[in-house]
Amino acid sequence: MRYIPHTEEDVRQMLATIGVDSIEDLFEEVPDDLRLGREMELPEPLSESELVRQLQELAGQNATSSGYLSFLGGGAYNHFIPAVIDQLISRSEFYTAYTPYQPEISQGTLQAVFEYQTLICQLTGMDVSNASMYDGASACAEAVLMAARATRRKKVLLAGSLHPEYREAVETYCRYLEMELSQIPFGADGRLDEKALAAGLDDKTAALVVGYPNFFGVVEGLTSLAVTVHAAGALLVTAVPEPIALGLLKSPGECGADIVVGEGQSFGMPVSFGGPGVGFFAARQKTVRSMPGRLVGRTTDREGKDGFVLTLATREQHIRREKATSNICSNQGMCALMANMYLCLLGKKGIREVAEQNLAKAEYAKKALAALPGVALAFSGPTFNEFVMTVDGDLGRLLQELERQKVLAGVPMSRFRDDMPNSLLICVTEQHRRQDIDRLVDLMKGGTA
Amino acid sequence: MRYIPHTEEDVRQMLATIGVDSIEDLFEEVPDDLRLGREMELPEPLSESELVRQLQELAGQNATSSGYLSFLGGGAYNHFIPAVIDQLISRSEFYTAYTPYQPEISQGTLQAVFEYQTLICQLTGMDVSNASMYDGASACAEAVLMAARATRRKKVLLAGSLHPEYREAVETYCRYLEMELSQIPFGADGRLDEKALAAGLDDKTAALVVGYPNFFGVVEGLTSLAVTVHAAGALLVTAVPEPIALGLLKSPGECGADIVVGEGQSFGMPVSFGGPGVGFFAARQKTVRSMPGRLVGRTTDREGKDGFVLTLATREQHIRREKATSNICSNQGMCALMANMYLCLLGKKGIREVAEQNLAKAEYAKKALAALPGVALAFSGPTFNEFVMTVDGDLGRLLQELERQKVLAGVPMSRFRDDMPNSLLICVTEQHRRQDIDRLVDLMKGGTA
Amino acid sequence: MRPGTSGLQLNEKLIFDHSDPGRKGYSLPRLDVPAAVLPEGLVRAEVEGFPEVSEVDVVRHFTRLSSWNYGVDSGFYPLGSCTMKYNPKVNEKAARIDGFANCHPYTPQSLSQGALALMYDLQAALAEISGFSAVTLQPAAGAHGELAGMLMIRAWHEAKGNRRTKVLIPDTAHGTNPATAALCGYDVVPIESKGAGVLTAETVAEFMDDDVAALMVTNPNTLGLFESDIKKICDIVHEGGGLVYCDGANLNALMGIARPGDMGIDVMHFNLHKTFSTPHGGGGPGAGPVGVTAELEPFMPTPVIAREGDAYTLQFDLPQSVGRLRSFYGNFGIMVRAWAYILTMGAAGLKRASEMAVLNANYIRARLEPVYDLPHRHRSLHEVVFSDKDLAGDCHTLDVAKRLIDYGFHPPTIYFPLVVKGAIMIEPTETESMEILDEFCDAMLAIAEEAKNSPELLHEAPRLTRIKRLDETTAARQPCLCWLPEE
Amino acid sequence: MRPGTSGLQLNEKLIFDHSDPGRKGYSLPRLDVPAAVLPEGLVRAEVEGFPEVSEVDVVRHFTRLSSWNYGVDSGFYPLGSCTMKYNPKVNEKAARIDGFANCHPYTPQSLSQGALALMYDLQAALAEISGFSAVTLQPAAGAHGELAGMLMIRAWHEAKGNRRTKVLIPDTAHGTNPATAALCGYDVVPIESKGAGVLTAETVAEFMDDDVAALMVTNPNTLGLFESDIKKICDIVHEGGGLVYCDGANLNALMGIARPGDMGIDVMHFNLHKTFSTPHGGGGPGAGPVGVTAELEPFMPTPVIAREGDAYTLQFDLPQSVGRLRSFYGNFGIMVRAWAYILTMGAAGLKRASEMAVLNANYIRARLEPVYDLPHRHRSLHEVVFSDKDLAGDCHTLDVAKRLIDYGFHPPTIYFPLVVKGAIMIEPTETESMEILDEFCDAMLAIAEEAKNSPELLHEAPRLTRIKRLDETTAARQPCLCWLPEE
Ligand SMILES: Cc1ncc(COP(=O)(O)O)c(C=O)c1O
Ligand SMILES: Cc1ncc(COP(=O)(O)O)c(C=O)c1O
């Protein structure tokens, strides 16, 4: 077994040193009646070449953006990933290390996290960012809990246009914490209904959670929401499932958000059937001590040299146990590192340009599709790189027809809501060439005509 | 341009420091009439995503062992490559460094080469190995030149069964050096005709060059050849295009070879349309000072710590210039590193086992194919993982039919020799499963029936 | 020869300090559609502070940063409780196969059967390894798995109309256990371990009452000791109307030997980044699947991956489900790696892994016991916990840890579990050879000697690293968590 | 802050010293056919001395070894004549695409059109960049290209019945030039450069006679100077019945500016691992394509890649060919990388690369000229050569090189070209920023100061590396080139 170095001779010597006769003896504390007493029933072990072949066959059953023209989005996005990233994250000093508990031999991880925290702050317009959360949805749930802690209130309003999986995660996290969750409807423009919001807010409200862009791809009027929410003494939690948008959209911080969370997968990570990505989490300086997750801070060493450490650990489970701000321990460090690399490569100009390309391509597609007979834009609000189209006729049939043409036209909203049976969430990014979009338009024309 | 860091402001400052007004001024020594005066006509530059797409499309036009069942060999072999190798050679400290001229910051490369040299010596049964040559064929040519230097003789006998491309390389290298090359025929067993050898040898003969296994996959009787050759005061040069065989075959050193060269691609390198692989080159201790190529030796540093350096450089072009033992400068260092890793992973047991599997699979195929009507084994001598089959009827048509079935049945010998129009060199390795071989046999049966 | 020595290393500033306006590290295709604009008021200025660097700047930056780190591939990393085993390279390759890496989570199920099949098979394998009836793969890490598991326990109680408020947790437990219980709205009742290091059935019986919803136990526990009374303990809890949660972080001691599901445990999380060899990634991502008994199946997070005939499906309709804990289906890329590991090892290989992990820990114990204080004397399983009680020269666990760095080893986990003062928690894992264990033990013994004869070597350690001990107090008092342009 | 500092590094023995009988680092499928045996007498014993190690042993071994190296990704690597530019990562990815990496060289041409097309297009691009009529991609490196080129020159002479025996080579030339000429059976006639650093037409005219087959020139030459008389020089050689070979190692100075083919040169090799950004691989592999004028085309190595209609073909039938220099078609994997580079840069990008490479060299020159002796005062192109003449404290070029290591830089090429005593040959390439050049120049100036004030810092350098200066004399006197089990 190439992963286990023990020779029989080693085993003999080691047992002798320990002073037992057999491996069996080492397990003496495991009572006989708890022993398995048979071999586990698992597939026969494979050699490396057999393994690779088998996995390649399995993987071959999955449609990907290499074989299909895909317009799937809805929380996982197909953006270009520079080759540099995989090269650099493959450096084993990064990926085979763990949480940087020993700072003297973890400065690489630590400095990288510090930079990541900084980039997230710059992008979101916030003061502090943690080192990462599991994903956008769980980060959103943690944000709700933090808002409740910070305001000592228990009621939370969720925008009806919030990504449904984010909403569900919030519900799960809050299930037994005596929180009161309610949804605020959206209008015909796909934006939050501000009247309903005003009605929903009261002095028990801890926060409003709103997507930016929201699940329909629509860009909310964040600034005015912030004003309304703050007037009630509540916090504005902004959830950003597609942070490429922040290259172009006014930052949530600038708009007045109190906590900004989101999913960082767009920043250099493959979609990977939904994970791993990285949840980002940023807040205001004054609330830093109630933030969940790890934080890296800059300090100096004994010789006065700059260095980095994990800090403010008294918020965390390993110190605070049941009083911790969260139970999170392992996070998504490697993915945060990828986001760091991606954002460094793109930089100030690149993040802008890629956002502009996403917008331009999506607008091109939106216009062309909306012009088709039997196809209509579901919402009138401004969108970034996703939009919802409503199609006359049998959407399921149409999608299947397109699949046969190796096109994945979008995510059917029926997956998430019963009230939108004929709607499709279409995502267009910098990866789509004009001819790709034209192809979708042509096929949709054929299919709906 | 992401590979060029200069901003316009940098350029301005640098020009000022230099004391010139423009970039143009820096080229003042290039006479006007030599200036190109137009833009070069090259494809428009591509962004990284466009580049990847374009290259993937191009690569998609090539048949590979992933999409085809391939029995191609003949000097480039499809063996399994452990994933470890690509991970490790992707460490940029290895692949972005150059020749280890500065040993204090090149100990990684140097120690690795020392280990490679040792592994090659152990495998070939020789005393010294150099740090690598371009490939098996050019190493073979260098071996001929070295033999001529060592013996001060000018006549060289080449086995008729030597890989034709090795023979051609020898001819090219010798073209203007007043060497006399002649071929020794092979017998019905595919082995060197020892009578013809005896007749060809004289006191002007520097060396006999023989493949091991030879181009027909046949294993020569090296020991007896060595006796005959040495009796004439000549050297035995052994060329090993498929060194996996050395896991099982008596080492050339043990058989009496004086110089052993070969192609190391089988040791962890992809076939890569024929390159890069690595030429290995090993010889006897007494001739070390007339070897071509770089050598790494062990020594100690000022503090007595063990370390490694390039050594015996007085053989080389950068010191000896026209009197050097070779003109080689850059070699195939990274490929030698891959071979090193591969051989370490396989180790004593693995190199044996993989060789035995190659033999067993090839024998299985050989027997099954030879039993087909209209198919016959071309040579009766023992073979390793390749053999030549002669097929009744139109071989070209048969091969085309098999290609349509996504099978590449072998290398037609007609590519190399006019006298074997219906023969096919078939290579079977540990990568072929029994069912793969059975498939070939079935298709050949269908095709020749 | 000890591995640690000093050599050339390269300094590297923050990426922001490399920035030069106009420098570029990216490329984009030329825009082939008309540019578009958003309504005024929605658009930001350029991102203030974002770096402008070239590709080579980025490559050198992170290459240098990496050289300041120590990973499993650098050397021995006996970080207790974390199972820092070797991360096979073929698993990395597997996760990067196009069909896995680039398959969108909302791809129609008919076009993602390979991914679903892998998950289904992994679920089944984990169930077989652990003895549970069903497994969910959704949680992103161990603590996330704890949350899933404890929510299921609570949902089970709620479904029965139970209003229990307490969860029993031994004081040896990892901090995530109480934190998770709190997140489920429970009050935590710590059980003191009182010297023995293991729970006895009697102690549990004492604590058990009508208000106890569950016991959270770790087996083997964080002292590396098997809870031999586990079966009886589970019976007591069950009889008292509670359920038993097992923190499965230490499953690497038990594969093929004994199964938590067979011990009476109701719920357990796995750490794929520990037991199943997926890399720790400098902090993550991992994956924390959860196994449950048949009784708890109705409460699993949605969606559930199921098989219908030849097809694999995602099932969303589970009325009693605790709901989803995150988006999509979990850290799929980590699952691919774990599945590759299981396929490589097979049943016998996994058992051998546990055996050798236990052998290694006991070997270290045997070699260090004469010199380091061993507070608990039961047979160790996969890890061993010493204290710093017997150290001379006013040297403490932290000093030993730092001195180990100079010797070229990653330190063990220190000061955990909390029940051992100055704990030194050593988990070698099975991928280390006797040769390496000897190097490490020699270092530990030499350090104990140094503590006697030259304690300053410990107090001043590490001396070979580029950065020496850091001022953590100032870091926490005046936190600097973000680079600012003014700096 | 200078980059060089000291930090933790890990020792590592030879892989052979890790060996333990029975340990395994490989896996093979179970044999599914009957075992076979070879005739007795053909079979060896197991390979004596081969290591037996686990996968993790191998991974750590090479990971640690790598940490003792310095590459372009580590920092500035101004190794003159070697064009150590940044190696783009996407090129590495490109070469690993299945259709390139796993295409067998004997795949039927109809099934390898993608590979052939790439080679054809690369040939055409190199021809356009250099101004030659045709290009062969077969040579594996620069020296191999020289061999191909000089053989073609000789074949051309032979075809004409010329029996010329001499090749003129300036003393600034790289060692491969005379070595290659000798390999083609020529006598080498060195041309002394006599101070000026460039060849004059007059000098060449002096040397030219009926017995001269060719002049081998490097342009820009190894001093980084453009041979401004090149056109006249070529005319003189041509008129004298000879041909001109150009060593194209320094093409990085000229892309888009001037083309060797337009200067009258007949043959030139390219170094894809220099000008076209492919990695140097710790010594190789590179690739050394050769461009020739139409007159020399008949002599190209076989096979030639050609286009027939829409199809690309390998042509073997070239009766006057010098033959093949190696197996197959060259280092194809390197060609893929170079082609990726050319496609990325485009015409303007390549020109910009040359311009910035020249700007960088001149900037270094301007900054160091006040302190370091500059023997040749013509305008530099892509590199600049200083001498150690003005160094104080009995310090020499070697000392400066070693001291640069302590500062965190890879040293320049030293003691080459031979015409400059104590040459310090600095080639920055275009991928370095002004910021890095300044760091380097500051270091060089500081070192010159140190030579005055604390020369021991230079003599004892490097002090920060794990291994200090090595005993090269003993290494050569009593060569130990191979590990032996007895050791
Ligand atoms: C005993 C124990 N339980 C739980 C956890 C939490 O697991 P994770 O970090 O995967 O969330 C850990 C992690 O270190 C642990 O050691
Ligand atoms: C000027 C010059 N010519 C020729 C060569 C030989 O090239 P290669 O090493 O690719 O064989 C070199 C390599 O360093 C060189 O610098």
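Residue numbering note: each chain is counted from 1, following its sequence as written. Throughout, the order in which chains and ligands are written sets their labels, letters from A for the former and numbers from 1 for the latter. Only residues with pLDDT of at least 70 are given local features in this predicted model, and only at 80 or more are side-chain atom pairs given and counted; all residues enter the totals for whole chains, interfaces and linings. Values reported for side chains reflect all heavy atoms of the structure, with hydrogen atoms and water molecules removed beforehand.

Draft legend 1. Looking closely at the sheet that holds strand E11 (residues 384–386) of chain D. Residue and element names in this part refer to chain D. Two strands form a pair only when DSSP identifies at least two bridges running between them. Helix and strand assignments follow DSSP, with helices taken as H or I runs no shorter than four residues and strands as E runs no shorter than two, numbered in order from the N terminus. Judged by pairing direction, the sheet is antiparallel, and its three strands sit side by side in the order E11-E13-E12 without closing on themselves. With partners counted over all chains shown, the strands left at the sheet margins are E11 and strand E12 (413–414), one partner each. Examined bridge by bridge, E11 and strand E13 (residues 424–426) share three bridges and lie antiparallel to one another. Note that in E13 the partner of Phe386 across the bridge is Ile424. By definition, residues are in contact when any of their heavy atoms lie within 4.5 Å. In this analysis an axis means a line fitted to C-alpha atoms, helices contributing only their contacting stretch, and an angle means the value between N-to-C directions, from 0 to 180 degrees. Packing of helix H9 (residues 332–368) onto the sheet brings it into contact with E11 and E13, and relative to E11 it is tilted by some 25°.

Draft legend 2. Inspection of the interface of chain C and chain A at higher detail. At the interface, 210 residues of chain C touch 190 residues of chain A. Accessible area, probed at 1.4 Å, shrinks when two parts are joined; the buried area is that loss added up over both. On the chain C side of the interface with chain A, the three residues burying the most area are C:Arg44, C:Tyr106 and C:Leu481, jointly 5% of the side's total. Each salt bridge in this description consists of a side-chain nitrogen of Lys or Arg and a carboxyl oxygen of Asp or Glu lying within 4 Å of one another. On the surface where chain C and chain A come into contact, there are eleven salt bridges. Its salt-bridge partner being C:Arg324, residue A:Glu168 comes within 3.2 Å of it at the nearest N-O pair.

Draft legend 3. The arrangement of the packing of aromatic side chains in detail. Working definition: a ring pair exists when centres of Phe, Tyr or Trp rings (six-membered ring for Trp) sit within 6.5 Å. Plane angles under 30 degrees give stacked, over 60 give edge-to-face, the rest tilted. Considering all chains together, one arrives at 50 aromatic pairs over all chains under this definition. Here the aromatic rings of A:Phe215 and A:Phe216 are separated by 6.4 Å at their centres, their planes lie at 55°, and the arrangement is tilted. Assigned by exposure class, A:Phe215 and A:Phe216 land together as buried. Taking 5.6 Å as the distance between ring centres and 85° as the angle between the ring planes, the aromatic pair formed by B:Phe186 and B:Phe379 counts as edge-to-face. In this pair, B:Phe186 is assigned in the loop between strand E4 (180–184) and helix H9 (194–200) and B:Phe379 in the loop between strand E11 (375–377) and strand E12 (386–391), connecting sequence segments 193 residues apart. Relative accessible area decides the class of each residue, using a 1.4 Å probe on protein chains only: under 20% of the type maximum gives buried, over 50% gives exposed, and in between gives partly exposed. Given a relative accessible area of 23%, B:Phe186 falls into the partly exposed group. Site record: aromatic cluster; members linked through ring pairs are A:Phe186, A:Phe215, A:Phe216, A:Phe273, A:Phe379, A:Phe416, C:Phe100, C:Tyr106, C:Phe328, C:Tyr329 and C:Phe332. Either the NZ atom of lysine or the CZ atom of arginine qualifies as a charge over a ring when it sits within 6 Å of the ring centre and within 35 degrees of the ring normal. In this arrangement the basic side chain of D:Lys24 is found over the ring face of D:Tyr26, its NZ or CZ atom lying 4.7 Å from the centre.

Draft legend 4. Highlighting the site of ligand 2. Around ligand 2 sit 15 residues, and of these B:Ser330, D:Ser81, D:Gly142, D:Ala143 and D:Asp247 come closest. For this description, a residue counts as near a given molecule or strand if any of its non-hydrogen atoms is within 4 Å of it. Chains contributing residues to the immediate surroundings of ligand 2 are chains B and D. Any N or O atom pair separated by 3.5 Å or less is treated as a polar contact, with the protein-specific requirement of one donor-capable and one acceptor-capable atom, and with residues adjacent in sequence counted only for side-chain atom pairs. In this structure, an oxygen atom belonging to ligand 2 sits 2.7 Å away from a main-chain N or O atom of D:Gly142. Here a nitrogen atom of ligand 2 sits 2.5 Å away from a polar atom, N or O, in the side chain of D:Asp247.

Draft legend 5. Looking closely at the confidence of the model for chain C. In the predicted model, chain C carries a mean pLDDT of 97, and the fraction of residues at 70 or more is 100%. Here the complex is predicted with pTM 0.98, and the ipTM for its interfaces comes to 0.98. Confidence scores per residue from the predictor, reported as pLDDT, run from 0 to 100.

Draft legend 6. The arrangement of the interface of chain C and chain D in detail. Across the contact, 41 residues belong to chain C and 41 residues belong to chain D. Roughly 3,500 Å² of surface becomes buried between chain C and chain D when both sides are summed, with 50% attributable to carbon and sulfur atoms. For the interface between chain C and chain D, the tally reads six salt bridges. Here chain C is connected to chain D by 27 residue pairs in polar contact (both at pLDDT 80 or more). Every element with two or more residues in the side of chain C that touches chain D is listed here: strand E1 (4–10), helix H1 (55–66), helix H10 (397–407) and helix H11 (434–453) of chain C. Charged residues are taken to be Asp, Glu, Lys and Arg, nonpolar residues to be Ala, Val, Leu, Ile, Met, Phe, Trp, Tyr, Cys and Pro, and polar residues to be all remaining types, Gly included. The residue makeup of the side of chain C that touches chain D, split by class, is 14 nonpolar, 14 polar and 13 charged. Of the strand pairs in this sheet, E1(C) and strand E1 (residues 4–10) of chain D are connected by seven bridges, and their pairing is antiparallel. If you follow C:Leu8 over to E1(D), its bridge partner there is D:Ser6.

Draft legend 7. Highlighting the nonpolar core. Here, nonpolar core refers to any group of buried Ala, Val, Leu, Ile, Met, Phe, Trp, Tyr and Cys residues whose side-chain atoms link them within 4.5 Å. Counting 256 residues, the largest nonpolar core has A:Leu55, C:Phe276, C:Tyr372, C:Phe440 and D:Phe62 as the members making the most contacts within it. Once you skip the residues sitting within four places of it in the chain, C:Tyr372 turns out to touch C:Phe386, C:Ser387, C:Asp390, C:Leu391, C:Val400, C:Ile424, C:Met444, C:Ile447 and C:Ala448.

Draft legend 8. The relation of the copies chain C and chain D, seen in detail. Screw-axis analysis of chain C against chain D gives a translation of 0.0 Å along the axis, an RMSD of 0.0 Å, and a rotation angle of 180°. Given the turn and translation reported, the copies of this chain are related as if by a two-fold rotation axis. No C-alpha of chain C lies nearer the rotation axis than that of C:Gly7, which sits 2.8 Å from it. Taken together, the interface assignments show that 100% of the residues at the interface of chain C recur at the interface of chain D, consistent with an identical surface on both copies. A least-squares fit on C-alpha atoms brings the copies together, and the residues used are those whose pLDDT is at least 70 in both copies.

Draft legend 9. Structural context of the side chain of B:Glu104. The residue B:Glu104 is located in the loop between helix H5 (92–95) and helix H6 (107–124) in this model. At a separation of 2.7 Å, a polar atom in the side chain of B:Glu104 contacts the side chain of D:Lys402.

Draft legend 10. Looking closely at the packing of helix H13 (residues 333–370) of chain B against helix H1 (residues 55–66) of chain D. Their axes nearest at 9 Å, the elements H13(B) and H1(D) cross at an angle of 150°. When the axes of H13(B) and H1(D) are compared, the pair comes out roughly antiparallel. The interaxial crossing formed by H13(B) with H1(D) has right-handed handedness. On H1(D), the residues touching B:Leu337, B:Asn340, B:Met341, B:Cys344 and B:Leu345 of H13(B) are D:Glu55, D:Val58 and D:Phe62. Residues belonging to the contact of H13(B) with H1(D) are distributed by class as follows: six nonpolar, one polar and one charged. Throughout, the term roughly parallel applies to angles under 35 degrees, roughly antiparallel to angles over 145, roughly perpendicular to angles from 65 to 115, and oblique to all others. Left-handed describes a crossing whose near helix is turned anticlockwise from the far helix through less than a right angle; right-handed describes the clockwise counterpart.

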